[in-house]
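Structural overview for review
Residue-level listing of the chains:
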Amino acid sequence: MITVKLLDETDLDLLLSADTSVFDGPIQPDLAKAYLAHPDYLIALASDEGGVVGMATGLYYFHPDKPLEFFVNEIGVAEGHQRQGIAKLLMTKLFDAARQRGVKYAWVGTEQDNGPAKALYAALDGKGQDMAYYEFDLGDR
């Protein structure tokens, strides 16, 4: 049975136990600890029989001309657990937490060719937008 939990600072060991295919790379304990301690960062984990099989992260932010918003940063589900509704459960957990904090607007971005992500967001009543995405390498110059 899948359970979903919104993590807090006491859940470092649970986060560190995540299946390697849930995240893009190995979890770094110092970064995980800092993430869990940050009041504006959220992470929800999905577990199946004690093992972490999914995650979703997001953050609260505001701007001088906009109320508090929520940005869904990343979603990952272990390969053997995909297409079972886990990502939808994870996003719902994040959205519920954001609503409790008074957020009325959330957003997420994905690549145009990411069919599974686009289907997930549509299933959650998300409204697609056309947008351009740019990356900037801020490394040494």
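Structure shown above.
Residues numbered from 1 in each chain as written. Predicted model: local features only at pLDDT ≥ 70, side-chain atom pairs only at ≥ 80, totals over all residues. Heavy atoms only, no water.

Focus on the pattern of salt bridges
Under the counting rule described, the total for this entry stands at four salt bridges. For Lys5, the salt bridge goes to Asp11, with nearest N and O atoms at 2.9 Å. Measuring nitrogen to oxygen at the nearest pair gives 2.8 Å for the salt bridge that ties Asp40 to Arg101. In this pair, Asp40 sits in the loop between α2 (29-37) and β2 (41-48) while Arg101 sits in the loop between α3 (86-100) and β5 (106-107), placing the two residues 61 residues apart along the sequence. Look at Asp40 and you get partly exposed, because its relative accessible area is 24%. (Salt bridge = Lys/Arg side-chain N within 4 Å of Asp/Glu carboxyl O. Helix = DSSP H or I, 4+ residues; strand = E, 2+ residues; numbered from the N terminus. Buried < 20%, exposed > 50% of the residue type's maximum accessible area, 1.4 Å probe, protein only.)

Regarding the sheet that holds β5
One open sheet holds the five strands; their spatial order is β1-β2-β3-β4-β5, and the pairing between them is mixed. On the outer flanks of this sheet lie β1 (2-6) and β5, each paired with one strand and no other. Across two bridges, the pairing between strand β4 (residues 66-77) and β5 is parallel. Bridge pairing in β5 links Phe71 to Trp107. (Pairing = 2+ DSSP bridges.)

Structural notes on the nonpolar core
With 33 residues, the main nonpolar core has Leu15, Phe23, Ile43, Leu45, Tyr60 and Phe70 as its most contacted residues. Broken down by secondary-structure element, the contributors of at least two residues to this core are α2, β2, β3 (51-63), β4, α3 and α4 (115-123). Beyond its immediate sequence surroundings of up to four residues, Phe70 is in contact with Leu42, Gly58, Leu59, Tyr60, Tyr61, Leu94, Ala98, Val103, Tyr105, Ala106 and Trp107. (Core = buried A, V, L, I, M, F, W, Y, C linked by side-chain atoms within 4.5 Å. Contact = heavy atoms within 4.5 Å.)

A few points about the packing of aromatic side chains
Taken as a whole and assessed by the stated rule, the structure comprises three aromatic pairs. Consider the rings of Tyr35 and Tyr41, whose centres lie 4.9 Å apart with planes at 45°: the pair is tilted. Of the residues examined, Tyr41 reaches a relative accessible area of 34% and is grouped as partly exposed. With a centroid separation of 4.6 Å and 45° between ring planes, the pair formed by Phe71 and Trp107 is classed as tilted. Of the two residues, Phe71 sits in strand β4 while Trp107 sits in strand β5, which places them 36 residues apart along the sequence. Residue classification places Phe71 among the buried residues on the basis of a relative accessible area of 19%. Cation over ring: Arg101 sits above Tyr60, and NZ or CZ is 4.1 Å from the ring centre. (Phe/Tyr/Trp six-rings, centres within 6.5 Å; stacked < 30°, edge-to-face > 60°. Lys NZ or Arg CZ within 6 Å of the ring centre and 35° of its normal.)

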